[in-house]
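A closer look at the structure
Read off the chains here:
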Amino acid sequence: LELEYHFPAYTQLAPRVIENGGDIAVLRGAEIRLRAFPTMGTPAGQILFDEADARVLTLTEDGAFTMSFEVSEEGFYRIELEGPRGEMITASPQYTIDVLTDQPPSVSFVKPGRDSTASPIEEVYVEARADDDFGVQTLSLTYSVNGGPEQTTNLYGGGSTLKEVSAGHTFFLEELELVPGDFVSYYAKVADNNQAEDATPVKSDLYFVQVRAFRKDFRAAESQAGGGGGGANAIVDGGDGT
């Protein structure tokens, strides 16, 4: 029994040949091209799925039987061949068909990777990282101000397929016209190349930028500047002896 796996297109995997086939374990949507080689000549054969669904095998010139099918659910199958009196005889063990799960993508923020605070005129840079075993399709950033309507900006998508993507976005808080006490909430969303009906985008944790009063920053900077100036004066005074 020879099996040739043709994987779903989104995986971008090359076909794989299993020379001594039997049990099947493959992603949903894969096409299996089967070739069965009987130990003696027989005019007909079939493949029986789950003891109920019989499908005819095609006899080739070299005496082998072929057929192809798409894996959509788990189950069992076996090969039956026509015997000398025209009856179908079990010609193989019963093999299993297991559907492997395509693992969903993952996404997280690497910068700053936590809630943060900023003054109303600061620029806040955030960076998201996404990865998937068969490739990231899109990566986007969604944010809202004070829990208002969400706005989405695309960070990656539509180009070459990458298994790992890092992309960033800068919030210009002054353009958002924020005042102390306001906040910006944001999260990232990633979708992989799996186009199956049950494939859904994955969201990161939700983070916040809390807007603080500018005066606090100013006072801290003023205090630090004053301390530095005093040190410089002490050095000068000590140098000339006056």
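Right above here is the structure, for reference.
Everything numeric in this text was worked out from a predicted model, so none of it was measured.

Observations concerning the side chain of Asp 132
With respect to the helices and strands, the residue Asp 132 is situated in strand 14 (residues 123-145). Put simply, Asp 132 is tucked away with no salt bridge, and the nearest opposite charge, on Lys 163, sits 8.5 Å away. A distance of 3.2 Å separates a polar atom in the side chain of Asp 132 from the backbone nitrogen of Gly 135. Every residue in contact with Asp 132, bar those within four places of it in the chain, is listed here: Gln 103, Pro 104, Pro 105, Lys 163 and Asp 192.

Some thoughts on the nonpolar core
Ranked by internal contacts, the top residues of the largest apolar core, which has 25 residues, are Phe 109, Leu 139, Phe 171, Leu 173 and Tyr 186. Looking at which element gives the most residues to this core, the answer is strand 14, with eight residues. Leaving out residues up to four positions away in the same chain, Leu 139 has contacts with Val 107, Ala 128, Ala 130, Asn 154, Leu 155, Tyr 156, Val 165, Ala 167, Ala 188, Lys 189 and Val 190. With 22 residues, the next largest nonpolar core counts Ile 18, Ala 30, Tyr 77 and Val 99 among its residues.

Quick look at the environment of Val 124
Note on placement: Val 124 falls in strand 14. A relative accessible area of 10% means that Val 124 is categorised as buried.

Topic: the sheet that holds strand 4 (residues 31-36)
Read from one edge to the other, the open sheet built from five strands follows the order 2-1-4-8-7, with strand pairing classed as antiparallel. At either end of the open sheet lies a strand with only one pairing partner, and these are strand 2 (16-18) and strand 7 (58-59). One ladder, built from three bridges, connects strand 1 (residues 2-6) with strand 2; its direction is antiparallel. Its bridge partner lying in strand 2, Glu 4 is registered against Val 17.

A closer look at the environment of Phe 49
Here Phe 49 shows up in strand 5 (residues 45-49). A relative accessible area of 8% places Phe 49 in the buried class. Apart from residues no more than four positions distant in its own chain, Phe 49 is found in contact with Arg 55, Phe 69, Phe 76, Tyr 77 and Ile 97.

Here we look at the packing of aromatic side chains
What the rule picks out here adds up to eleven aromatic pairs. Taken together, a centroid distance of 6.4 Å and an interplanar angle of 40 degrees make the contact between Phe 49 and Tyr 77 tilted. Linking Phe 49 in strand 5 with Tyr 77 in strand 9 (residues 75-82), this pair joins segments that are 28 residues apart in sequence. Both residues of the pair, Phe 49 and Tyr 77, count as buried. Note on Tyr 77 and Tyr 95: the rings are 5.4 Å apart at their centroids and 40 degrees apart in plane angle, and the pair reads as tilted. Here Tyr 77, found in strand 9, pairs with Tyr 95, found in strand 11 (residues 95-100); they are 18 residues apart in sequence, far enough to count as distant. Of the two residues, Tyr 77 and Tyr 95, both sit in the buried class. Connected via pairs of aromatic rings, a cluster forms that spans Phe 109, Tyr 143, Phe 171, Tyr 186 and Tyr 207.

Some words on unusual backbone geometry
With omega at -10 degrees, the peptide bond leading from Lys 111 into Pro 112 counts as cis. As for its position among the elements, Pro 112 is in the loop between strand 12 (106-111) and strand 13 (116-118). Of note, Gln 12 is a non-glycine position whose phi angle comes to about 55 degrees, a positive value. Along the chain, the position of Gln 12 falls in the loop between strand 1 and strand 2.

Side note on the pattern of salt bridges
Overall, the coordinates contain eight salt bridges when judged by the stated rule. The salt bridge involving Arg 78 is made with Glu 51; its shortest N-O contact spans 2.8 Å. Highlighted residues: Arg 78 in strand 9 and Glu 51 in the loop between strand 5 and strand 6 (53-56), separated in sequence by 27 residues. In this structure, Lys 111 engages Glu 127 in a salt bridge whose closest nitrogen and oxygen atoms are separated by 4.0 Å. Residue Lys 111 is found in strand 12, and its partner Glu 127 is found in strand 14; the two are separated by 16 residues along the sequence. When its relative accessible area of 13% is taken as the criterion, Glu 127 is described as buried.

Reading the values: rules and limits
Residues numbered from 1 in each chain as written. Predicted model: local features only at pLDDT ≥ 70, side-chain atom pairs only at ≥ 80, totals over all residues. Heavy atoms only, no water. Helix = DSSP H or I, 4+ residues; strand = E, 2+ residues; numbered from the N terminus. Buried < 20%, exposed > 50% of the residue type's maximum accessible area, 1.4 Å probe, protein only. Lys, Arg positive; Asp, Glu negative; His and termini not counted. Salt bridge = Lys/Arg side-chain N within 4 Å of Asp/Glu carboxyl O. Polar contact = N/O pair within 3.5 Å; in protein donor to acceptor, adjacent residues only side chain to side chain. Contact = heavy atoms within 4.5 Å. Core = buried A, V, L, I, M, F, W, Y, C linked by side-chain atoms within 4.5 Å. Pairing = 2+ DSSP bridges. Phe/Tyr/Trp six-rings, centres within 6.5 Å; stacked < 30°, edge-to-face > 60°.

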